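# A closer look at the structure
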Amino acid sequence: TYTISFVTPINICVDFGVIHFYAVAILMWSAISSIHNDKFKIFLVLMLFIFSLYIYIVHPKIDNNALLAIGIPSVDYIYHMDYFPVFPWISVFLVGALIGELIFSKERLLLQENNSRNKLLTPFRLIGQNGLKVYMGHLPILIAIIMAI
């Protein structure tokens, strides 16, 4: 973001972006997935989902940005380009991870090993294996397209 701000006239600031979010989400899911009681996992994810709905609907504000990362900004906060708070988006991540864990056990994989030679899946496999590179590469391309318009 600082490089883009230096090279272009666009002033960009990332307070809590999508990469920050995924780091927190993966840490939260690793803590939740270590719980062996499926009913308690479902209850915990449901409670986080309800709290996410509260944050999304009520939009609480405080006097400073101390709780900005979890989705409670200050009254005078100016939203920047890449603001991706933990709440409400953690519920989407956790519900998907929970459904994936409950439906697909370790013994039953969605894509079995014998599908590794399937030519139709190769582009998706390459994108999945290089997700961070794809994410970092698409930003300059989109900004170049926007600047050209």
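Described below are features of the structure shown in this document.

Reading guide: rules and limits
- Residues numbered from 1 in each chain as written.
- Predicted model: local features only at pLDDT ≥ 70, side-chain atom pairs only at ≥ 80, totals over all residues.
- Heavy atoms only, no water.
- Helix = DSSP H or I, 4+ residues; strand = E, 2+ residues; numbered from the N terminus.
- Buried < 20%, exposed > 50% of the residue type's maximum accessible area, 1.4 Å probe, protein only.
- Areas by Shrake-Rupley, 256 points an atom, 1.4 Å probe, with all protein chains shown as cover.
- Axes fitted to C-alpha atoms, helices over the stretch in contact; angles between N-to-C directions.
- Parallel < 35°, antiparallel > 145°, perpendicular 65-115°, else oblique.
- Left-handed = near helix turned anticlockwise from the far one by under 90°.
- Contact = heavy atoms within 4.5 Å.
- Phe/Tyr/Trp six-rings, centres within 6.5 Å; stacked < 30°, edge-to-face > 60°.
- Expected span 1.5 Å × (residues − 1).
- Salt bridge = Lys/Arg side-chain N within 4 Å of Asp/Glu carboxyl O.
- Core = buried A, V, L, I, M, F, W, Y, C linked by side-chain atoms within 4.5 Å.
- Polar contact = N/O pair within 3.5 Å; in protein donor to acceptor, adjacent residues only side chain to side chain.

### Some words on the overall build of the protein
- Scanning the protein for helices and strands turns up six helices and zero strands.
- Written out in order from the N terminus, the α and β elements of the protein read α-α-α-α-α-α.
- The burial tally for the protein puts 22% of its 149 residues in the buried class.
- Just so you have it, the protein exposes about 11,000 Å², and 70% of that area is on carbon and sulfur atoms.

### Some thoughts on the environment of V92
- Here V92 is to be found in helix α4 (residues 86-103).
- Residue classification places V92 among the exposed residues on the basis of a relative accessible area of 55%.
- Between the alpha carbons of V92 and F49 there is a distance of 8.0 Å; along the sequence they are 43 residues apart.

### Observations concerning the packing of helix α2 (residues 18-33) against α4
- Running from N to C, α2 and α4 cross one another at 45°; their axes reach a closest spacing of 10 Å. For the element pair α2 / α4, the angle class is oblique. Remark: the crossing between α2 and α4 carries right-handed chirality. Two secondary-structure elements touch here, α2 through F21, Y22, V24, A25, I26, M28, W29, I32 and S33 and α4 through V86, W89, I90, F93, L94, A97, L98 and E101.

### Quick look at the packing of aromatic side chains
- On inspection of all chains with the given rule, the structure shows nine aromatic pairs.
- Note on F21 and F93: the rings are 6.4 Å apart at their centroids and 90° apart in plane angle, and the pair reads as edge-to-face. Of this pair, F21 sits in helix α2 while F93 sits in helix α4, and the two are 72 residues apart along the sequence.
- Assessed through its relative accessible area of 22%, F93 is described here as partly exposed.
- Taking the centre distance of 5.4 Å and the plane angle of 55° together, the rings of Y77 and Y83 count as tilted.
- Classification of Y77 as buried rests on a relative accessible area of 11%.

### A word on α4
- Taking 1.5 Å per residue, 18 residues should reach 26 Å; α4 reaches 25 Å between its end C-alpha atoms and fits that length.
- Of the residues making up α4, those classed as buried are V86, F87, P88, I90, S91, L94, A97 and L98.
- For α4, the secondary structure elements touched by its buried residues are α2 and α3 (38-58).

### As for the pattern of salt bridges
- Evaluated as defined, the whole model comprises one salt bridge.
- Here K41 ties to E101 by a salt bridge, and the two come within 2.3 Å at their closest N and O atoms. Here the residue K41 occupies a position in helix α3, and E101 occupies one in helix α4, the gap between them amounting to 60 residues.
- Taking the relative accessible area as the measure of exposure, K41 reaches 4% and is therefore buried.

### With respect to the nonpolar core
- Formed by 18 residues in total, the largest nonpolar core has its most connected members in W29, I32, F87, I90 and L94.
- Listing elements by their share of this core, those giving two or more residues are α2, α3 and α4.
- In contact with L94, not counting residues within four places along its chain, are W29, I32, V45 and L48.

### Some thoughts on the side chain of S74
- With respect to the helices and strands, S74 occurs in the loop between α3 and α4.
- Using a relative accessible area of 2% as the deciding quantity, one classes S74 as buried.
- A polar contact of 2.9 Å, which involves the side chain of S74, links it to the side chain of D76.
- Only 3.3 Å separates the side chain of S74 from the backbone nitrogen of Y77, close enough to count as a polar contact.
- Excluding residues that lie within four positions of it along the chain, S74 makes contacts with K61, I62, D63, N64 and N65.

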